[in-house]
Amino acid sequence: MKILFCHNFYQQAGGEDVAVANEMAMLEQHGHEVKLFSVSNNSIKTFWHKLFVSFRLTYSKKYKNKLKNVIADFTPDIVHVHNFFPLLTPSIFDACVEMNVPVVHTLHNYRLICPSATLFVNGACNEESIEKNAYAMVKYKAYKNSFLGTFILARAIEKTKKNKLWSIQIDQFITPSQSVKNTYIKGGFLSEKITVKVNFSQPLQISPLPPQQPPPQQEEKNEEYAIFLGRLVEEKGIIMLLNSWRETDIELRIYGGGPLEKICKTVQRKNIMYCGEVAREEALQALKQAKFLIMPAQWHEPFGLVVIEAFSLGIPVIAAKMGAMPELIAHDYNGLIFEHDDINDFHRQIDQMKSISKLTEMKKNALNTFDKQYTATMNYPLLIDIYNKCLLRRNNLGN
């Protein structure tokens, strides 16, 4: 089978980029011919670039035509779209329709139902775009703090909803969790058009890193620590984490970059160390040596690839009861779950994790969970089944 992947890379790498690389590698290992059609937001550098992109958030003839040329040259059996925003735009789906090739789209966020893409606005979860309509987000300036940008996206969302374009253009949606599927169904999408296929992780080959000299204020600290690994944005719970971490808790090490980086840098706490945004190899090495991972998400987290990467290394997780977290983490088995807005509950789970016997058992269970659910071996037949069903449906319609 020939599969063409389409993906718009963000300026800051994230779980979506890893998911694309993992799926492509897995398919190639099984003998499929795979090609990537991609763009990167790194090309958006100047004010004029940003202005140009802002007026083409919903449609780009340039990338539509480019994709048509790639399809004509590569002749894929199926096109698999991951992220199309903001450069590729929904125009690429028109290209697939015009070239008569089936298309699958993985929904990594809530872009098709809310201009925010996160359902998280002004520090809280907000589903007004589902309960009312996407225009409800304009007053919040939900997209990049812009009335105009939010209005443009809201209009596109409502237009596609009215014309049922997503049902017409896309053969099958994939969500990484039941939580995301449920949210899209609430947003008016057809259940039968959405298949849940979890993300997976390739075996992590982590080379030992040379020992680094810790900062002066950390010299007397031991090597027992908890770790936060991710983007430094409010919805990931970093503010909640900094405010609630007690002086009696073990050391917390924070890895990542983002808008709230300055806050992390200025924290004056002896048992909190901000380690910055580092290479993936170094971050995974730090994860491997941690006692446990912290996922204090304050939004409807669609999946959390770092959770299964932690499991693959035998690292249990403490996570907020948000989005997909309860699907990934079995409370008191491979991790612990707390109510996202209950700091006392968060503290109780940290105290529970201090038990040596509990931690040892959870490490074994985390590895067991990964081996049974989140390997490429388990994932491959799920993805191929989705592709085959799309092709069969197209063939039946053509007869």
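Residues numbered from 1 in each chain as written. Predicted model: local features only at pLDDT ≥ 70, side-chain atom pairs only at ≥ 80, totals over all residues. Heavy atoms only, no water.

## A closer look at the overall build of the protein
Part 1 of the reasoning: Helix and strand counts for the protein come out as 16 helices and 14 strands.
Part 2 of the reasoning: Here the protein has a C-alpha radius of gyration of 22 Å; the compact-globule value for 399 residues is 21 Å, and the two agree.
Part 3 of the reasoning: The principal-axis extents of the C-alpha atoms in the protein amount to approximately 70 × 50 × 35 Å.
Part 4 of the reasoning: Burial analysis of the protein (399 residues in total) assigns 54% to the buried set.
Part 5 of the reasoning: Contacts in the protein between residues far apart in sequence, at least 24 positions, make up 69% of those at least 6 positions apart.
Part 6 of the reasoning: Put simply, the protein shows about 18,600 Å² of open surface, and 53% of that area lies on carbon and sulfur atoms. (Helix = DSSP H or I, 4+ residues; strand = E, 2+ residues; numbered from the N terminus. Rg over C-alpha atoms; globule rule 2.2 N^0.38 Å. Buried < 20%, exposed > 50% of the residue type's maximum accessible area, 1.4 Å probe, protein only. Contact = heavy atoms within 4.5 Å. Areas by Shrake-Rupley, 256 points an atom, 1.4 Å probe, with all protein chains shown as cover.)

## Some points on the environment of Met-1
Part 1 of the reasoning: Here Met-1 is to be found in the segment before strand E1 (2-9).
Part 2 of the reasoning: Classification of Met-1 as partly exposed rests on a relative accessible area of 27%.
Part 3 of the reasoning: For the pair Met-1 and Asn-388, spaced 387 residues apart in sequence, the C-alpha separation works out to 9.7 Å.

## Focus on helix H3 (residues 61-74)
Part 1 of the reasoning: The end-to-end C-alpha distance of H3 is 20 Å, a good match for the 20 Å that 14 residues give at a rise of 1.5 Å each.
Part 2 of the reasoning: Close packing links the buried residues of H3 with E1, strand E2 (33-40), strand E3 (78-81) and helix H4 (91-98). (Expected span 1.5 Å × (residues − 1).)

## With respect to the state of the cysteines
Part 1 of the reasoning: Across all of its chains, the model carries zero disulfides by this definition.
Part 2 of the reasoning: Cys-96 supplies the cysteine sulfur nearest to Cys-6, a cysteine that is in no disulfide, at a spacing of 5.9 Å.
Part 3 of the reasoning: The thiol of Cys-264 is unpaired, and the distance to the nearest cysteine sulfur, on Cys-275, comes to 11 Å.
Part 4 of the reasoning: Classification of Cys-264 by relative accessible area gives buried; the value is 4%. (Disulfide = S-S within 2.5 Å.)

## Considering empty space enclosed by the protein
Part 1 of the reasoning: Applying the stated rule across the entire model yields two cavities of 30 Å³ or more.
Part 2 of the reasoning: Space inside the largest cavity adds up to approximately 90 Å³.
Part 3 of the reasoning: Lining the largest cavity we find 13 residues, and of these His-82, Asn-83, His-105, Asn-109 and Arg-111 sit closest to its centre.
Part 4 of the reasoning: Residues belonging to the lining of the largest cavity are distributed by class as follows: five nonpolar, six polar and two charged.
Part 5 of the reasoning: When its volume is computed, the second largest cavity comes out at roughly 30 Å³.
Part 6 of the reasoning: Classifying every residue of the lining of the second largest cavity by side-chain character gives two nonpolar, four polar and two charged. (1 Å grid on protein atoms, 1.4 Å probe; cavity = no way out; pocket = protein on both sides within 12 Å on 5 of 7 lines; lining within 4 Å. Points joined across faces, edges and corners; volume = space filled by probe spheres on them. Nonpolar A, V, L, I, M, F, W, Y, C, P; charged D, E, K, R; others polar.)

## Looking at the environment of Phe-5
Part 1 of the reasoning: For Phe-5, the location among the structural elements is in strand E1.
Part 2 of the reasoning: Classification of Phe-5 as buried rests on a relative accessible area of 0%.
Part 3 of the reasoning: On a C-alpha basis, the gap between Phe-5 and Glu-23 in space is 9.5 Å, while along the polypeptide they are 18 residues apart.
Part 4 of the reasoning: Those residues within four positions of Phe-5 in sequence are excluded, and the remaining contacts are Val-20, Glu-23, Met-24, Leu-27, Val-34, Lys-35, Leu-36, Phe-37, His-80, His-82 and Tyr-387.

## A look at the side chain of Asn-199
Part 1 of the reasoning: Tracing the backbone through its elements, the reader meets Asn-199 in the loop between strand E8 (194-196) and strand E9 (225-229).
Part 2 of the reasoning: Among all residues touching Asn-199, those that are not within four sequence positions of it are Ala-19, Pro-176, Phe-303, Leu-305, Ile-308, Tyr-374 and Asn-379.

## So, the sheet that holds E1
Part 1 of the reasoning: The sheet built from six strands is open, its strands ordered E2-E1-E3-E4-E7-E8 with parallel pairing. Lying at the two open borders of the sheet, with one neighbouring strand each, are E2 and E8. The mean inter-strand angle of the sheet, taken between neighbouring strand axes irrespective of direction, is 20°.
Part 2 of the reasoning: In terms of strand pairing, E1 meets E2 through eight bridges, oriented parallel. Following the sheet pairing, Leu-4 is matched in E2 by Lys-35.
Part 3 of the reasoning: Of the strands in this sheet, E1, E2 and E3 touch helix H1 (residues 15-29), which is tilted by about 165° from E1.
Part 4 of the reasoning: Against the sheet, H3 contacts E1, E2 and E3, and its axis sits at roughly 165° relative to E2. (Pairing = 2+ DSSP bridges. Axes fitted to C-alpha atoms, helices over the stretch in contact; angles between N-to-C directions.)

## Section: the sheet that holds strand E14 (residues 335-338)
Through backbone hydrogen bonds, the strands of a sheet pair up, either in parallel or in antiparallel fashion.
Part 1 of the reasoning: Strand order in this open sheet of six strands is E11-E10-E9-E12-E13-E14, and the pairing throughout is parallel. In this open sheet, the two strands that pair with only one neighbour each are strand E11 (272-276) and E14. Going from strand to strand, the sheet's axes swing by 20° on average, the running direction of each strand aside.
Part 2 of the reasoning: In this structure, E9 lies alongside strand E10 (residues 251-255), joined through five bridges in parallel fashion. For Tyr-225, the partnering residue across the bridge sits in E10 and is Glu-251.

## Side note on the pattern of salt bridges
Part 1 of the reasoning: The full count for this structure, using the stated rule, is 20 salt bridges.
Part 2 of the reasoning: The partner of Lys-139 in a salt bridge is Glu-128, and the shortest N-O contact between them spans 3.2 Å. Here Glu-128 lies in helix H5 (residues 128-131) and Lys-139 lies in the loop between H5 and helix H6 (147-163), a separation of 11 residues in the sequence.
Part 3 of the reasoning: The residue Glu-301 makes a salt bridge to Lys-236 at a minimum N-O spacing of 3.1 Å. One end of the pair, Glu-301, is in the loop between strand E12 (292-295) and helix H12 (305-312); the other, Lys-236, is in the loop between E9 and helix H9 (238-244), with 65 residues separating them in the sequence.
Part 4 of the reasoning: Taken together, the salt bridges that share partners define one network made up of Arg-246, Asp-249, Asp-351 and Lys-354. (Salt bridge = Lys/Arg side-chain N within 4 Å of Asp/Glu carboxyl O.)

## Some details on the packing of H12 against helix H15 (residues 356-373)
Part 1 of the reasoning: Their axes nearest at 7 Å, the elements H12 and H15 cross at an angle of 115°. By the angle between their axes, H12 is roughly perpendicular relative to H15. Considering only the axes of H12 and H15, their crossing is left-handed. Facing H12, whose interface residues are Ile-308, Phe-311 and Ser-312, H15 presents Ala-366, Leu-367, Thr-369 and Phe-370.
Part 2 of the reasoning: Partitioning the contact of H12 with H15 into residue classes produces five nonpolar, two polar and no charged. (Parallel < 35°, antiparallel > 145°, perpendicular 65-115°, else oblique. Left-handed = near helix turned anticlockwise from the far one by under 90°.)

Geometric descriptors of this kind do not, in isolation, establish any biological role.
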